[in-house]
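Chain by chain, the residues:
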2 protein chains.
Amino acid sequence: MTQDKNRRVILTTRASGLPTPELFTIIEDSIPTIEDDQILLKNIYVSADPGMKGWISKAKNYASVETGATMSSFGVGVVIKSQNSNVNEGDYFVGNTGWQDYSVINPDDPGTRKVNPSVGPLSTSLGVLGHSALTAYFGLLEIGQPLAGETVLVSTAAGSVGSAVGQIANIKGCRTIGITGGKEKARLCTEEFGYDSAIDYKSTQDLEKELKGASPNGYDVYYDNVGGRTLDIVTGLMKQNGRIVICGTAATEEWLPPPTGMRLERQVLINRLQIKGFILFDFRERYEDALSDIYQWFNDGKMNYREDISEGLEKAPNALSGLYRGENTGRCLIRVHPDPTL
Amino acid sequence: MTQDKNRRVILTTRASGLPTPELFTIIEDSIPTIEDDQILLKNIYVSADPGMKGWISKAKNYASVETGATMSSFGVGVVIKSQNSNVNEGDYFVGNTGWQDYSVINPDDPGTRKVNPSVGPLSTSLGVLGHSALTAYFGLLEIGQPLAGETVLVSTAAGSVGSAVGQIANIKGCRTIGITGGKEKARLCTEEFGYDSAIDYKSTQDLEKELKGASPNGYDVYYDNVGGRTLDIVTGLMKQNGRIVICGTAATEEWLPPPTGMRLERQVLINRLQIKGFILFDFRERYEDALSDIYQWFNDGKMNYREDISEGLEKAPNALSGLYRGENTGRCLIRVHPDPTL
């Protein structure tokens, strides 16, 4: 692609259910200009994240994309212009690029960071060496606080966050059980991501029974990416003083009107459970410390991963809607420009 | 009462709803004998507690009373026989006496403690100088962890636990809002228990609106003794990083079949809330430390209280069922024998 235009994927309509490609359109305008201290990225990969459902929903959220604005997204790109004395052209940076060809970035913004492409493929800076692993790291270790020997249950266990949770829990000496959708993903869980066992929720008639069978004494930590009926069931299977990390709510398509479920407070009381919500951004001042652990584990071969890369910016809306149908295996990325490191 | 028999209130049928007097019967047998290290208490006050609903329910609980057994209960009595070298006849002790005239107690059991009747009336050793205040103390300070200047919301705000929560929150420099049932209890909240404002849920058509009005910026801590619909509403009104202490579930009459409510995980996620269950017994090794704080506050006139004392052991089942109809004001006790300190 040699072009002097910037294509941007714009949110045209807020979602009242799962994201569909029709909510977005692509427009083209000129490549933006930078000011003092800023850099211009030529984006190489941008991402499609389960949390985006919330960002574009009609229901109130922690982060929101306005209609008419470029869709927010993590991305990694190469610096093609710099007015920041600490950044050179040719450097690679991760930041909130949005779904577009080129992005103006303030390198000092929290969560923005320079990428060393020698640690792993550039794409992993958005996944197993980036946000997915960071989400797993802080959610599991800071909120879930598992102890060696404890049993950790993970939903969307083969996904980019879930697979990192399972592997970090293993590294910390925990027993790990995964819940995933499909036989191939269940196989990945045990063969690639080190889970002690995996439950394919799509092929079971009785998830509660399967979960009891996988850990008859219950669960110490539940890292939850889905919420919904699975959360209700698992809450009843937690051990005393168990901790539930609420990282995502993928199982609920629509929050308006408010959906109902089982009342959980009695189980919470009887078993002294903790249910705690978690958003990665709150830990952005500590990303570098976490990444030094994650790089080490990656170099030691303890952090396997899968990626699912769509080709071309225009594929981003489709990639996003596919996420909620469970079509992807691993980190869902969109390649916007050719990866010069490959 | 001069008798050489021991009357005991026995659970005859497990509850499948709120406790009713018909679940219990009184039997009479001989005064029990003690063994080495034990003491025999002549009980003066025993209690009726909201948590008893769970103890006698058909649904699984953290504590359970078997049918045919003496109903469990806190109680305070005078030592009339001692085979423990550290305990003298005439000492006063709090322990798990059960609903009966006389109880065999092991003074070293966790949660059992000697009472100094000079600090306050003997009855307060089960309330504002005992379990009610201890429940408030640990639930608020250890689970809720309020900071000075934060806003603390309390349900059953005029009750024995709730009124202690409100006052301890005040002592810690918090703004306090109470939810209670009835105008007289709302008056007590603000005039006796120091709440900045009180909401009478029985006289409002729109609890959510009232709660928003009482604290437009939301709540930092919710000390919840009721669960149910109120919990659902409050969860949506919590500030970021808010903490919900689950201390009781009085609003739900029956847990089998499991009742439904609003799904809460999205609010938990967006606002990084913590919902955590709490049972006082878990802190029993630390009662004495807490009581030294509580005695100090009591002596300083910062711990007001109300008591609702029924006369005679046979009134215990009625007192318990009255609790759930909100008939009592303050700590619900049953006087089993005359109080020699009055």
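Computed from a prediction, not measured in an experiment: that's the story for all the values here. (Residues numbered from 1 in each chain as written. Chains lettered and ligands numbered in written order. Predicted model: local features only at pLDDT ≥ 70, side-chain atom pairs only at ≥ 80, totals over all residues. Heavy atoms only, no water.)

Caption draft 1: Broad picture of the relation of the copies chain A and chain B. Expressed as a screw operation, the relation of chain A to chain B combines 0.0 Å of axial shift with a rotation of 180°, fitting to an RMSD of 0.0 Å. Viewed as a symmetry operation, the transformation between the two copies matches a two-fold axis. Both copies present the same face, since 100% of the interface residues in chain A are matched by interface residues at the equivalent positions in chain B. (Least-squares fit on C-alpha atoms with pLDDT ≥ 70 in both. Contact = heavy atoms within 4.5 Å.)

Caption draft 2: Examining the sheet that holds strand 9 (residues 175-180) of chain A more closely. Strand order across the open sheet formed by 12 strands is 10(A)-9(A)-8(A)-11(A)-12(A)-14(A)-14(B)-12(B)-11(B)-8(B)-9(B)-10(B), with mixed pairing between neighbours. Unpaired on one side and paired on the other, strand 10 (197-200) of chain A together with strand 10 (197-200) of chain B mark the two borders of the sheet. Averaged over all pairs of adjacent strands, the angle between their axes in this sheet comes to 15°, without regard to strand direction. Pairing analysis gives five bridges linking strand 8 (residues 151-155) of chain B to strand 9 (residues 175-180) of chain B, with the strands arranged parallel. Note that in strand 9 of chain B the partner of Thr151 of chain B across the bridge is Arg175 of chain B. Relative to the sheet, helix 4 (residues 183-191) of chain A contacts strand 9 and strand 10 of chain A, its axis offset from that of strand 10 of chain A by approximately 170°. (Pairing = 2+ DSSP bridges. Helix = DSSP H or I, 4+ residues; strand = E, 2+ residues; numbered from the N terminus. Axes fitted to C-alpha atoms, helices over the stretch in contact; angles between N-to-C directions.)

Caption draft 3: Structural detail: the interface of chain A and chain B. With 37 residues of chain A at the interface, the matching set in chain B holds 37 residues. Both sides together, the interface formed by chain A and chain B hides about 3,300 Å², and carbon and sulfur atoms give 58% of it. Considering only the surface of chain A that becomes buried against chain B, Arg263, Arg266 and Leu269 of chain A emerge as the three largest contributors, covering 25% of it. The interface formed by chain A and chain B contains four salt bridges. Along the contact surface separating chain A from chain B lie 14 residue pairs in polar contact (both at pLDDT 80 or more). (Buried area = accessible area lost by both parts, 1.4 Å probe. Salt bridge = Lys/Arg side-chain N within 4 Å of Asp/Glu carboxyl O. Polar contact = N/O pair within 3.5 Å; in protein donor to acceptor, adjacent residues only side chain to side chain.)

Caption draft 4: Geometry of the pairing of strand 10 of chain B. Judged from the four bridges that link them, strand 9 of chain B and strand 10 of chain B form a sheet pairing that is parallel. If you follow Ile177 of chain B over to strand 10 of chain B, its bridge partner there is Ser197 of chain B.

Caption draft 5: Fine view of the pattern of salt bridges. Tallied over the entire structure, the rule returns 34 salt bridges over all chains. Residue Glu327 of chain A pairs with Arg325 of chain A through a salt bridge whose shortest N-O separation is 2.7 Å. With its nearest N and O atoms 3.1 Å apart, the salt bridge here joins Glu150 of chain B to Arg243 of chain B. Taken together, the positions of Glu150 of chain B in the loop between helix 2 (131-144) and strand 8 and Arg243 of chain B in strand 12 (residues 238-246) put the pair 93 residues apart, joining distant regions of the chain. A residue is classified by how much of its surface remains accessible, and Glu150 of chain B, at 11% relative accessible area, is buried. On the basis of relative accessibility, which here comes to 13%, the residue Arg243 of chain B falls in the buried class. Because the salt bridges share partners, they merge into one network encompassing Arg7, Asp101 and Glu314 of chain A. (Buried < 20%, exposed > 50% of the residue type's maximum accessible area, 1.4 Å probe, protein only.)

Caption draft 6: Molecular detail of the environment of Glu22 of chain B. With respect to the secondary-structure elements, Glu22 of chain B resides in the loop between strand 1 (5-11) and strand 2 (24-30). On a C-alpha basis, the gap between Glu22 of chain B and Leu11 of chain B in space is 9.2 Å, while along the polypeptide they are 11 residues apart.

Caption draft 7: Just the pairing of strand 3 (residues 39-47) of chain B, in detail. All names here are of chain B. The element strand 3 is largely enclosed, with a buried count of eight among its nine residues. In this sheet, strand 4 (residues 74-82) lies alongside strand 3 in antiparallel orientation, the contact comprising seven bridges. Across the sheet, the residue bridging to Asn43 is Gly77, located in strand 4. Where strand 3 lies against strand 6 (residues 102-105), four bridges are found, and the strand directions are antiparallel. The residue of strand 6 that forms the bridge with Leu41 is Ser103.

Caption draft 8: Representation of the domain arrangement of chain A in the model. Residues and elements named next belong to chain A. Segmentation of chain A into domains returns domain 1 (5-127 + 305-335) and domain 2 (131-281). Distance between the C-alpha centres of domain 1 and domain 2: 27 Å. Each partner contributes to the interface: domain 1 provides 20 residues, whereas domain 2 provides 18 residues. For the pair domain 1 and domain 2, the summed buried area comes to about 1,600 Å², and 58% of that belongs to carbon and sulfur atoms. For the pair domain 1 and domain 2, the number of links is one salt bridge. One salt bridge connects Glu192 with Arg306, and the closest N-O pair in it is separated by 3.6 Å. Connecting domain 1 to domain 2 are eight residue pairs in polar contact (both at pLDDT 80 or more). (Domains from an automatic or database assignment.)

Caption draft 9: Highlighting the state of the cysteines. Residues and elements named next belong to chain A. Evaluated as defined, the whole model comprises zero disulfides over all chains. Looking at Cys247, it has no disulfide partner, and the nearest cysteine sulfur is the one in Cys189, 16 Å off. Unpaired in terms of disulfides, Cys332 finds its nearest cysteine sulfur in Cys247, a separation of 16 Å. (Disulfide = S-S within 2.5 Å.)

Caption draft 10: Layout of the packing of helix 2 of chain B against helix 3 (residues 160-171) of chain B. All names here are of chain B. Put simply, helix 2 and helix 3 touch, their axes get as near as 8 Å, and they point 50° apart. As far as their axial angle goes, helix 3 and helix 2 are oblique. As for the relative orientation of helix 2 and helix 3, their crossing is right-handed in sense. On helix 3, the residues that touch Ser132, Ala133, Thr135, Ala136, Tyr137, Leu140 and Leu141 of helix 2 are Ser160, Val161, Ala164, Val165, Ile168 and Ala169. In the contact of helix 2 with helix 3, the residues fall into 10 nonpolar, three polar and no charged. (Parallel < 35°, antiparallel > 145°, perpendicular 65-115°, else oblique. Left-handed = near helix turned anticlockwise from the far one by under 90°. Nonpolar A, V, L, I, M, F, W, Y, C, P; charged D, E, K, R; others polar.)

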